[in-house]
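The primary structure of each chain is shown beneath.
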Amino acid sequence: MPEKNIFQKIIDREVPATIVHEDDQCLAFRDIVPQAPVHILVIPKQPIVRIDQAAAGQESLLGHLLMTASKVAQSEGIAESGYRLVINNGPDAGEAVPHLHVHLLGGRPMQWPPG
Ligand code: AMP
C-alpha cells in the first residue's frame, strides 16, 4: 500500500490539525506555515491528487470546495475585506502535497501577479 500523504493523515486523524470546518465531503484546516493572517486549506475527503485529475462525476464536489471556502471566509471575517483562493497544480505552480487543496488566504492586502 502506498504511503499516505500528510493531508490523508489529517483526514484520518493520524496527524493533528486545527480544523475549522468539516462535512461529509470536505475538511478545512489552518495551514501550518501561514502566508497571511488567515490561511486555510479546503480539501476533499476523496483522494483527488490534483485538479487536472478530477473526474467528470466530481463537478459537484469541486463546486462544494469553492462554496465551502466562501463560507469559511465569512466565518473568519474576511469576506468584506477580500481574500484569495489558490490551487497550485503541478511543479511550476509549487504544488507540494499530492492531494487537491484550495488555499484560502486573507487578512492582508495582496499583490498581483503572484511571484
Ligand atoms: P501546496 O504548495 O499548494 O501543495 O501547499 C501545501 C500546503 O500545505 C503548504 O502551504 C503547507 O504549509 C501546508 N501544509 C503542509 N503540511 C501541513 C500540515 N501538517 N498541516 C497544515 N498545513 C500543512
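Relevant structure appears above.
Here goes a summary of the coordinates provided.

What counts and how
Residues numbered from 1 in each chain as written. Predicted model: local features only at pLDDT ≥ 70, side-chain atom pairs only at ≥ 80, totals over all residues. Heavy atoms only, no water. Helix = DSSP H or I, 4+ residues; strand = E, 2+ residues; numbered from the N terminus. Rg over C-alpha atoms; globule rule 2.2 N^0.38 Å. Buried < 20%, exposed > 50% of the residue type's maximum accessible area, 1.4 Å probe, protein only. Contact = heavy atoms within 4.5 Å. Near = heavy atom within 4 Å. Polar contact = N/O pair within 3.5 Å; in protein donor to acceptor, adjacent residues only side chain to side chain. Areas by Shrake-Rupley, 256 points an atom, 1.4 Å probe, with all protein chains shown as cover. 1 Å grid on protein atoms, 1.4 Å probe; cavity = no way out; pocket = protein on both sides within 12 Å on 5 of 7 lines; lining within 4 Å. Sits in = over half its atoms within 2 Å of the grid points. Patch = residues over 30% accessible without salt bridge, like charges linked within 9 Å, V, L, I, M, F, W, Y side chains within 5 Å. Salt bridge = Lys/Arg side-chain N within 4 Å of Asp/Glu carboxyl O. Pairing = 2+ DSSP bridges. Expected span 1.5 Å × (residues − 1).

**Quick notes on the overall build of the chain**
Alright, step 1. Assigned secondary structure in the chain consists of two helices and five strands.
Alright, step 2. Its helices and strands in sequence order give the chain the pattern α-β-β-β-α-β-β, from N to C terminus.
Alright, step 3. Relative to a compact globule of 115 residues, whose C-alpha radius of gyration would be 13 Å, the chain shows 14 Å and is just as compact.
Alright, step 4. Taken along the three principal axes of its C-alpha coordinates, the chain extends 45 × 30 × 30 Å.
Alright, step 5. Looking at the chain as a whole, 35% of its 115 residues are labelled buried.
Alright, step 6. A sequence separation of at least 24 residues applies to 51% of the contacts in the chain between residues at least 6 apart.

**Focus: the site of the ligand**
Alright, step 1. Surrounding the ligand, one finds 16 residues, the nearest of these being Asp 31, Gly 94, Ala 96, His 101 and His 103.
Alright, step 2. Asn 88 places a polar side-chain atom, nitrogen or oxygen, 2.8 Å from an oxygen atom of the ligand.
Alright, step 3. Gly 94 places a main-chain nitrogen or oxygen 2.7 Å from an oxygen atom of the ligand.
Alright, step 4. In isolation the ligand offers 500 Å² of accessible surface; the protein chains occlude 83% of this area.
Alright, step 5. The cavity where the ligand resides is the second largest pocket.

**Concerning a nonpolar patch on the surface**
Alright, step 1. Judged by side-chain polarity, Leu 66, Tyr 83 and Leu 85 come together as a nonpolar surface patch covering roughly 240 Å² of accessible area.
Alright, step 2. If you trace the backbone, Leu 66 turns up in helix α2 (residues 59-75).

**A word on the pairing of strand β3 (residues 38-44)**
Alright, step 1. In terms of residue burial, β3 counts as a mostly covered element, since seven of its seven residues are buried.
Alright, step 2. Of the two faces of β3, both are covered, the one formed by Val 38, Ile 40, Val 42 and Pro 44 as well as the one formed by His 39, Leu 41 and Ile 43.
Alright, step 3. Examined bridge by bridge, strand β2 (residues 26-30) and β3 share five bridges and lie antiparallel to one another. Its bridge partner being in β3, Arg 30 is matched across the sheet by Ile 40.
Alright, step 4. Across five bridges, β3 lies against strand β5 (residues 102-106) in antiparallel orientation. Bridge pairing links Leu 41 to His 103 in β5.

**Quick look at α2**
Alright, step 1. Counted at 1.5 Å a residue, the expected span for α2 with its 17 residues is 24 Å, and the 25 Å between its end C-alpha atoms agrees.
Alright, step 2. Burial in α2 covers these residues: Leu 61, His 64, Leu 65, Thr 68, Ala 69, Val 72 and Ala 73.
Alright, step 3. On its buried side, α2 packs onto β1 (19-22), β2, β3, β4 (83-86) and β5.
Alright, step 4. Gly 77 occupies a position one or two residues after α2 and carries a positive phi of about 80 degrees.

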